[in-house]
Amino acid sequence: MTVTVLDTPADVALAVATRVAEAIAGRPSLVLGLPTGNTPIGAYAQLRRLHGEGRADFSRVSTFNLDEFVGVSGHHPGSFRQFMARHLFTGVNIPADRIGFLDGTAGDLEAECRRYDKAIAAAGGVGLQLLGIGANGHIGFNEPADSLIAGTHYARLLESTRRDNALLFEGDASKVPPEALTMGVGSILGSEAILLIATGTAKAACMAGAVNGPVTTRLPASLLQLHRQVEVIVDRAAAAGL
Ligand code: GLP
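This is a predicted model, so every value here is computed, not measured.

(A) Geometry of the sheet that holds strand β8 (residues 179–182). Read across the sheet, three strands follow the order β4-β8-β7 without closing on themselves; strand pairing throughout is antiparallel. Edge positions in the open sheet fall to β4 (67–69) and β7 (153–156), since each of these has one partner strand only. Shown here is a sheet whose adjacent strand axes are inclined to one another by a mean of 30 degrees, direction ignored. Here four bridges tie β7 to β8, and the two strands are oriented antiparallel to one another. Bridged to His153 within β8 is Thr182.

This is the structure we're talking about:
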């Protein structure tokens, strides 16, 4: 794991976007794994800027998002699909048919998870997986538990995670779906390279555990220590416990 500590969230956003743009320049057909949440919003804005300046061409890039709420269509403003449209997809040139997303309204959720795993494999696997981290150490929607699931699966969200996602649902945690589909920890660890980003004091404790603590399913991000190519980019506040 390499850890880079920068002064501000704006510095983190620029560093992450620069890293992604370099990866795309090195491999134009890169398969990107993408997170939602507040943390990557600045990096996505920087990627839109780089694209606007002709410095990042996504025309051959494919993407797979980590997760989506169950029962929420990709047209719903609270969906992660719409989040990605707002913050990244409408500002860069990723071809629509290269955007991979879980469908939380699929009739057969189990089949939908298998479809997603196959689609990722058919694309050659994820080359660079961007990750945020939940305050409780979750990655994607892999919540702390006694055991974790490797592949894409149906997940129940903890109440704290529903509260953290309330902004997408008019600030009302009770409107946040209690269930989601998410890539599993095996899917995430199957990526060639991982870039974990965190900002703010609320992430200091979970980042300390993720980077320096024991590897435990009680802090899913700690499993990243098992991967050979993980880069961590954090601001000073999130690095306070490192
Ligand atoms: C959400 C997402 C995660 C994300 C995390 C942190 O629940 N499922 O992929 O990394 O929470 O979000 P934020 O960046 O808003 O703190």
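From this point, things continue past the structure.
(B) Fine view of the packing of aromatic side chains. This structure, assessed with the given rule, holds five aromatic pairs. Seen in terms of ring centroids, Phe80 and Phe141 are 5.8 Å apart; in terms of plane orientation they differ by 20 degrees. Their pairing is stacked. Taken as a pair, Phe80 in helix α3 (residues 80–87) and Phe141 in the loop between β6 (128–131) and β7 lie far apart in primary sequence, 61 residues in all. When sorted by exposure, Phe80 lands in the same class as Phe141, which is buried.

(C) Representation of the site of the ligand. Taken together, 13 residues are adjacent to the ligand, and Asn38, Thr39, Asp67, Phe141 and Lys203 come closest. Taking Thr39, its side chain carries an N or O atom lying 2.4 Å from an oxygen atom of the ligand. The contact in question runs from an oxygen atom of the ligand to an N or O atom on the side chain of His138, over 3.2 Å. Burial of the ligand by the protein amounts to 90% of the accessible area it has alone, namely 400 Å². A class-by-class count of the residues in the shell around the ligand yields two nonpolar, nine polar and two charged.

(D) Spatial organisation of the nonpolar core. Membership of the largest hydrophobic core comes to 40 residues, with the highest contact counts inside it found for Val16, Leu32, Phe58 and Leu128. Of all elements in the fold, only α1 (9–26), β2 (31–34), α2 (41–52), α3, β6 and β9 (193–198) reach the threshold of two or more residues within this core. Of the residues forming this core, the biggest block, seven residues, is contributed by α1. Each residue touching Phe58, except ones within four places of it in the same chain, is listed here: Ile24, Leu32, Leu47, His51, Val92, Asn93, Ile94 and Pro95. Within the second largest apolar cluster, 34 residues are counted, among which are Phe64, Val185, Leu196 and Ala210.

(E) Examining the side chain of His227 more closely. As for its position among the elements, His227 is in the loop between α7 (204–212) and β10 (230–235). Take His227: its relative accessible area is 12%, and that puts it in the buried class. A polar atom in the side chain of His227 sits 2.6 Å from the backbone oxygen of Ser191. Sequence-distant contacts of His227, that is, excluding residues within four places in its chain, are made with Leu189, Ser191, Glu192, Ala193 and Ile194.

Conventions adopted
Residues numbered from 1 in each chain as written. Predicted model: local features only at pLDDT ≥ 70, side-chain atom pairs only at ≥ 80, totals over all residues. Heavy atoms only, no water. Pairing = 2+ DSSP bridges. Helix = DSSP H or I, 4+ residues; strand = E, 2+ residues; numbered from the N terminus. Axes fitted to C-alpha atoms, helices over the stretch in contact; angles between N-to-C directions. Phe/Tyr/Trp six-rings, centres within 6.5 Å; stacked < 30°, edge-to-face > 60°. Buried < 20%, exposed > 50% of the residue type's maximum accessible area, 1.4 Å probe, protein only. Near = heavy atom within 4 Å. Polar contact = N/O pair within 3.5 Å; in protein donor to acceptor, adjacent residues only side chain to side chain. Areas by Shrake-Rupley, 256 points an atom, 1.4 Å probe, with all protein chains shown as cover. Nonpolar A, V, L, I, M, F, W, Y, C, P; charged D, E, K, R; others polar. Core = buried A, V, L, I, M, F, W, Y, C linked by side-chain atoms within 4.5 Å. Contact = heavy atoms within 4.5 Å.

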